[in-house]
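Notes for the structure review
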Amino acid sequence: MTQRSARIVRELHDEPHIEGSRLTVRYIKERVEGLSLDPQTVADRHNLDVADVYHALAYYYDHPKEMLKVEQRRQARIEESAETAITGPEDL
C-alpha cells in the first residue's frame, strides 16, 4: 500500500525511526540486508512507501557514528538484561 514518504525522526524511540511508525532504521536495515528481503517486500509488509525503506537505508549509511552508538546501546541493554534475568523461582 502506498502512503506518503516519511522522514526519519527520533520522537518515539531513543534511536532513529520512520516518522509515524515505530519501525527503526536498524530494523529496516536488518530486514533488507540481514534477511535479504526486497525493499518493496519490507514496504508492503509494514504498510510503507518503498521510498521510506530507502530513506531508512540511506540514513543508516549517512550516519555511521550515530548508528554505531545505537548498536552499542542495544548490545549493552541485552547484556544487562541477561545479567538480571529471572531464570527460576530462586530468582524471585
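Here's a quick rundown of the structure. (Residues numbered from 1 in each chain as written. Predicted model: local features only at pLDDT ≥ 70, side-chain atom pairs only at ≥ 80, totals over all residues. Heavy atoms only, no water.)

A few words now on the nonpolar core. One finds V25, I28, V32, V42, L48, V53 and M67 to be the most contacted residues of the largest nonpolar core, which totals 14 residues. Secondary-structure elements contributing two or more residues to this core are α1 (25-34), α2 (39-45) and α3 (50-62). Per-element tally for this core: the top contributor is α3, with 5 residues. In contact with V25, other than residues within four places in its own chain, are I8, P16, H17, A56, Y59, Y60 and M67. (Core = buried A, V, L, I, M, F, W, Y, C linked by side-chain atoms within 4.5 Å. Buried < 20%, exposed > 50% of the residue type's maximum accessible area, 1.4 Å probe, protein only. Helix = DSSP H or I, 4+ residues; strand = E, 2+ residues; numbered from the N terminus. Contact = heavy atoms within 4.5 Å.)

This structure, assessed with the given rule, holds 1 aromatic pair. Taking the centre distance of 5.0 Å and the plane angle of 75 degrees together, the rings of Y60 and Y61 count as edge-to-face. The class for Y60 is buried, based on a relative accessible area of 16%. (Phe/Tyr/Trp six-rings, centres within 6.5 Å; stacked < 30°, edge-to-face > 60°.)

All right, on to the pattern of salt bridges then. In this structure the tally under the stated criterion is 6 salt bridges. Between E66 and R10 there is a salt bridge whose closest N-O contact spans 2.3 Å. Taken together, the residues span a long stretch of sequence, with E66 in helix α4 (residues 64-83) and R10 in the loop between β1 (8-9) and β2 (17-18) at a distance of 56 residues. On the basis of relative accessible area, E66 is assigned to the partly exposed category, the value being 22%. Take R10: its relative accessible area is 41%, and that puts it in the partly exposed class. Of the charged contacts, one joins D14 and R73 as a salt bridge, the two residues approaching to 4.0 Å between their closest N and O atoms. Residue D14 is located in the loop between β1 and β2, and its partner R73 is located in helix α4; the two are separated by 59 residues in the primary sequence. Accessibility expressed as a relative area gives 33% for R73, which makes it partly exposed. (Salt bridge = Lys/Arg side-chain N within 4 Å of Asp/Glu carboxyl O.)

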